[in-house]
Amino acid sequence: MTHTEKTQKAEKTQNTEKGAYEATGVPGPGPSGAPAGLDAHLVVDRGSFRLDVALTAAPGDVVALLGPNGAGKTTALRALAGLTPPTGGHLRLDGAVLDRTAPESRPVGVVFQDYLLFPHLTALDNVAFGPRCHGATKAEARAQAAEWLERMGLAEHAGAKPRRLSGGQAQRVALARALATNPRLLLLDEPLAALDARTRLEVRTQLRRHLAEFEAVAVLVTHDPLDAMVLADRLVVIEDGRVVQEGTPADIARHPRTDYIAHLVGLNLYKGRAEGHTVHVDDGPAITTTEDLTGPVFVAFPPSAVTLHRDRPTGSSARNLWQCEVAGLETHGDQIRADLTGELPLAADLTTVAAAELDLHPGATVWATVKAAQTHAYPA
Ligand SMILES: Nc1ncnc2c1ncn2[C@@H]1O[C@H](COP(=O)(O)OP(=O)(O)OP(=O)(O)O)[C@@H](O)[C@H]1O
């Protein structure tokens, strides 16, 4: 999320926080100064597996939990929702202790991976189910549901049953159902996993917008580094039940500390403004892409797409050429990853032989080329 988006959201949070607390009955940060947001230490024992993860977030933060299969992401999410009993630790939300609060009494909204929409209920009644469970009358719940469907651009599908909805629409209905309870903590389990690649791109953009508008804490679980980088302000990487790294997507992408993360974030990612096939990177140079877009975009390419040269290449057909300096070199398996600074900070992967031939060392000046066809631009 950009700085401007965060600032707008922070202002909105200040303006709406009181209303949200009143709606949920959860005490806000009172004169005693109980910290707003999430303060959790999740300890869960499951046979030989132990989850031991500390997680804190301020209202407005979107945190992504990432990790390989079996790392404990779902267990963490279920512990936050109250669906898996903890063995120890603590869970506080806006200063209120929730350790012993039943799941349905927590100011928590959950969007499950397969959405779990009721097949026999319309989109409207699926969304109304959320507020109904939190004590709203049938009429109130339906009015709130209609409002949320409108906000999600789904008003015309209010009467449709889930089987008549596309994957992206079903995802938004599930999100509306979770948000309709005014949760102080929104949990999303692999929110885009059930969608095909094409729908995913569009839904990712919409979800990013909805999360940017959400004033409380959002925690999402995902395997997909793009989802994490696009949707979250902060990544918490879990391996084998423990946090192995956390930070902004940019920090983690630049300085992976485990092979899993290096593989996970195998991308150079930039935000900028597209004008046709050219993306003007914020505070950086232009990148030529094959996509034809206009307005704010992300552009990404893997470090393996970067070719390095000691001298400025003359005959290269690559559309993107930048002068860089080697800031660091790291070995990853049989590859060398070069961390480059300059007009465009980037990571480049090359073989050990190529690194030796180029006489790469920290401080060396190099030219990097990337073919337009190896970049990927998409709306921000
Ligand atoms: N119901 C259960 N009973 C016992 N152990 C379980 C149960 N569910 C999960 N586990 C174990 O807990 C550990 C963490 O599983 P969890 O599903 O939280 O991981 P995950 O990171 O979400 O993985 P995935 O990405 O595959 O969904 C795994 O070792 C798993 O075998």
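A short tour of the structure in this document, coming up. (Residues numbered from 1 in each chain as written. Predicted model: local features only at pLDDT ≥ 70, side-chain atom pairs only at ≥ 80, totals over all residues. Heavy atoms only, no water.)

**Thoughts on unusual backbone geometry**
Next up, step 1: Not every positive phi belongs to a glycine, and D94 is a case in point at roughly 50 degrees.
Next up, step 2: Counting through the fold element by element, D94 comes out in the loop between strand 4 (88-93) and strand 5 (96-97).
Next up, step 3: Residue class for D94 comes out buried when judged on its relative accessible area of 2%.
Next up, step 4: Residues other than glycine seldom take positive phi values, yet Y115 does so here, at roughly 70 degrees. (Helix = DSSP H or I, 4+ residues; strand = E, 2+ residues; numbered from the N terminus. Buried < 20%, exposed > 50% of the residue type's maximum accessible area, 1.4 Å probe, protein only.)

**Description of the environment of L77**
Next up, step 1: Inspection of the secondary structure assignment puts L77 in helix 2 (residues 73-81).
Next up, step 2: Taking relative accessible area as the criterion, L77 reaches 5% and is therefore assigned buried.
Next up, step 3: Taking the C-alpha atoms as reference points, L77 and L187, separated by 110 residues in sequence, lie 6.9 Å from one another.
Next up, step 4: If sequence neighbours within four positions are ignored, L77 has contacts with L187, L188, D189, V219 and V221. (Contact = heavy atoms within 4.5 Å.)

**Regarding the sheet that holds strand 1 (residues 38-46)**
Adjacent strands of a sheet form backbone hydrogen bonds with each other and so pair up, either parallel or antiparallel.
Next up, step 1: Taken in spatial order, the four strands line up as 2-1-4-5 in an open sheet, and their pairing is antiparallel. For this open sheet the edge positions go to strand 2 (49-57) and strand 5, each flanked by a neighbour on one side alone.
Next up, step 2: Alignment of strand 4 against strand 5, held across two bridges, turns out to be antiparallel. Paired with R92 across the two strands is V97, which belongs to strand 5. (Pairing = 2+ DSSP bridges.)

**Looking at the packing of helix 5 (residues 167-179) against helix 6 (residues 197-213)**
Next up, step 1: Between helix 5 and helix 6, whose axes approach to 10 Å, the crossing angle comes to 20 degrees. Overall, the two elements helix 5 and helix 6 adopt an arrangement that is roughly parallel. Relative to helix 6, the crossing made by helix 5 is right-handed. Contacts between helix 5 and helix 6 pair G168, Q171, R172 and L175 from the former with T199, V203, Q206, L207 and H210 from the latter.
Next up, step 2: Among the residues making up the contact of helix 5 with helix 6, the classes are represented as three nonpolar, five polar and one charged. (Axes fitted to C-alpha atoms, helices over the stretch in contact; angles between N-to-C directions. Parallel < 35°, antiparallel > 145°, perpendicular 65-115°, else oblique. Left-handed = near helix turned anticlockwise from the far one by under 90°. Nonpolar A, V, L, I, M, F, W, Y, C, P; charged D, E, K, R; others polar.)

**Considerations on the pattern of salt bridges**
Where charged atoms of side chains with opposite charge meet at close range, the side chains can pair.
Next up, step 1: This model, assessed by the stated rule, comprises 10 salt bridges.
Next up, step 2: A salt bridge links R151 to E147, with the nearest nitrogen and oxygen atoms 3.9 Å apart. Placement of the pair is R151 and E147 together in helix 4 (residues 138-151), with a separation of four residues, close to one helical turn.
Next up, step 3: Close ionic contact of D227 with R204 constitutes a salt bridge, the shortest N to O distance being 2.7 Å. Here D227, found in helix 7 (residues 225-231), pairs with R204, found in helix 6; they are 23 residues apart in sequence, far enough to count as distant. By the burial criterion, D227 is buried, and R204 matches it.
Next up, step 4: Connected via shared salt-bridge partners are R200, R204, D224 and D227. (Salt bridge = Lys/Arg side-chain N within 4 Å of Asp/Glu carboxyl O.)

**A closer look at the site of the ligand**
Next up, step 1: Neighbouring residues of the ligand: R46, F49, P68, N69, G70, A71, G72, K73, T74, T75 and H223.
Next up, step 2: The backbone of A71 places a nitrogen or oxygen atom 3.1 Å from an oxygen atom of the ligand.
Next up, step 3: Residue T75 places a side-chain N or O atom 2.5 Å away from an oxygen atom belonging to the ligand.
Next up, step 4: Look at the ligand: alone it shows 630 Å² of surface, and the protein chains cover 56% of it.
Next up, step 5: Among the elements that line the shell around the ligand, the one with the most residues is helix 2, at three residues.
Next up, step 6: When grouped by side-chain class, the residues that make up the shell around the ligand number three nonpolar, six polar and two charged. (Near = heavy atom within 4 Å. Polar contact = N/O pair within 3.5 Å; in protein donor to acceptor, adjacent residues only side chain to side chain. Areas by Shrake-Rupley, 256 points an atom, 1.4 Å probe, with all protein chains shown as cover.)

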